[in-house]
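Architecture at a glance
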Amino acid sequence: MAEPLAERLRPRSLDDYIGQQHLVGEGAVLRRMIDSGRISSFILWGPPGVGKTTLAHIIANKLETPFYTLSAVTSGVKDVRDVIEKAQKGRFFNEASPILFIDEIHRFSKSQQDSLLGAVERGIVTLIGATTENPSFEVIRPLLSRCQLYVLRSLEKDDLLKLLDRAISTDLILKELKINLKETDALLRFSGGDARKLLNILELVVESAKAATESSSEIVVTDDFVVSCLQQNPLAYDKDGEMHYDIISAFIKSIRGSDPDAALYWMARMIEGGEDPQFIARRLVISASEDIGLANPNALLLANAAFDTVMKIGWPEARIALAECAVYLATSPKSNSAYLGIDQALALVRETGNLSVPLPIRNAPTKLMKELGYHDGYKYPHDYPGHFTEQQYMPDELVNQRLWHGQHNPAEEKLYQRMVNYWGKRFED
């Protein structure tokens, strides 16, 4: 039985690797590291089918170093320790560290990740992790701090078209057939930037066409034919594929747009498709902060409570807590003032650099600091009526800089008016 098309076309070198030129193109950061013959531990973060596993294999082949692989789904702490022991015994003096590739590293438990720390720190192995989830949520901080993080992007249209052309012109099986890619929009749309899924769809379409035509006939691929082949799965939700991102986007936008019916529908699509409930719960927490914010601060409390409930009770009962939270967020007033405020503050910091902290609000734990004027003149707000007195908290260069702008909803109106009462004209928009 022949290997799947996606496996047959897996690139063996960077020259054959499609996409991610910001990382592996001429002069790019990963390319330079690979060409130097020495790499440090890193994590590849990106959607499915963009070449994370392939890139790890190419690096190992290029460096000619031992390559060990573990799946976070099937491996335990003992498996991790066994691989580390093998790597340590098999390494020769001055030889590059063996590579340990961990697929879906976000599924590793804290204890599994802890068991990796020492080996990564001492250089026993060079860790390459692959994840579709934000590592800052799923990877423990000590391990994350020892790894570079590289973000892989969904493949662009030109990349996918190049991959299709390579498939029909170089694959040992497909090149023997007369394949005419008359239309490609449906192939690209259903692939969602996922190379593996694109090749799987192409293989399915070609097999369907072969079954319906004479062996010597030309196989003409059209958008309608692709759609008809894929209609056999009406749910069309793949928690590891392109619809994963489309449907979670629809779910979040439905909450942001205050449509509880649509929010429940898209959540049901995810549940029926086998989505991880923790993934849904995390998105609710993000939505509560980003889209509801100060218009209803209780939203974040409820979202965190829903996340906690999911962790405690699991399926199927957790669906009720998630639904309750989704409806609550969708029907809540909306504000993104905190979201806009922190982004504006980050931009300001990048623009102005490390400005000095005003002396009165500096800490003064030593005699020398006191003599230098640290903390001198600080006014303790609780000593004043209303627990407020005006003083300077921003650097001298940014005294009148505004970052938070209250939005017009009942909750924030109260906050805004309090700031106007405290600070006067500075807060008058």
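Please refer to the structure higher up on the page.
What counts, and where the lines are drawn
- Residues numbered from 1 in each chain as written.
- Predicted model: local features only at pLDDT ≥ 70, side-chain atom pairs only at ≥ 80, totals over all residues.
- Heavy atoms only, no water.
- Helix = DSSP H or I, 4+ residues; strand = E, 2+ residues; numbered from the N terminus.
- Expected span 1.5 Å × (residues − 1).
- Buried < 20%, exposed > 50% of the residue type's maximum accessible area, 1.4 Å probe, protein only.
- Polar contact = N/O pair within 3.5 Å; in protein donor to acceptor, adjacent residues only side chain to side chain.
- Core = buried A, V, L, I, M, F, W, Y, C linked by side-chain atoms within 4.5 Å.
- Contact = heavy atoms within 4.5 Å.
- Axes fitted to C-alpha atoms, helices over the stretch in contact; angles between N-to-C directions.
- Parallel < 35°, antiparallel > 145°, perpendicular 65-115°, else oblique.
- Left-handed = near helix turned anticlockwise from the far one by under 90°.
- Nonpolar A, V, L, I, M, F, W, Y, C, P; charged D, E, K, R; others polar.

Okay, helix α6 (residues 110–121) next. Between its first and last C-alpha, α6 extends 17 Å over twelve residues, near the 16 Å set by a 1.5 Å rise per residue. Looking only at α6, the buried set comprises Q112, Q113, S115, L116, L117, A119 and V120. Downstream of α6 by one or two residues, G123 has phi in the positive range, about 75 degrees.

In this section: the environment of S145. Along the polypeptide, S145 turns up in the loop between α8 (141–144) and β5 (148–151). A C-alpha to C-alpha distance of 9.9 Å links S145 and F42, two positions 103 residues apart in sequence. Engagement of the side chain of S145 in a polar contact is seen with the backbone oxygen of P142, the distance being 2.8 Å. Side chain to side chain, S145 and R146 meet in a polar contact 3.2 Å long.

This part takes up the nonpolar core. In this structure, L187, L202 and V221 are the most contacted members of the largest nonpolar core, which totals 27 residues. When residues of this core are traced back to their parent elements, those giving at least two are α1 (5–8), α9 (157–170), β6 (179–181), α10 (185–191), α11 (195–212), β7 (219–221) and α12 (223–230). When near neighbours in sequence (up to four residues on either side) are disregarded, L202 contacts L5, L164, A167, I168, L174, L181 and L187.

Moving on, we come to the packing of helix α15 (residues 277–292) against helix α17 (residues 318–331). The interhelical angle for the contact between α15 and α17, taken along N-to-C directions, is 20 degrees, at an axis separation of 11 Å. Considering their axes alone, α15 and α17 lie roughly parallel with respect to each other. The handedness of the crossing between α15 and α17 comes out as left-handed. Facing P277, I280, A281, L284, S287, A288 and I292 of α15, the residues of α17 in contact are L322, C325, A326 and L329. Per-class residue counts for the contact of α15 with α17 are ten nonpolar, one polar and no charged.

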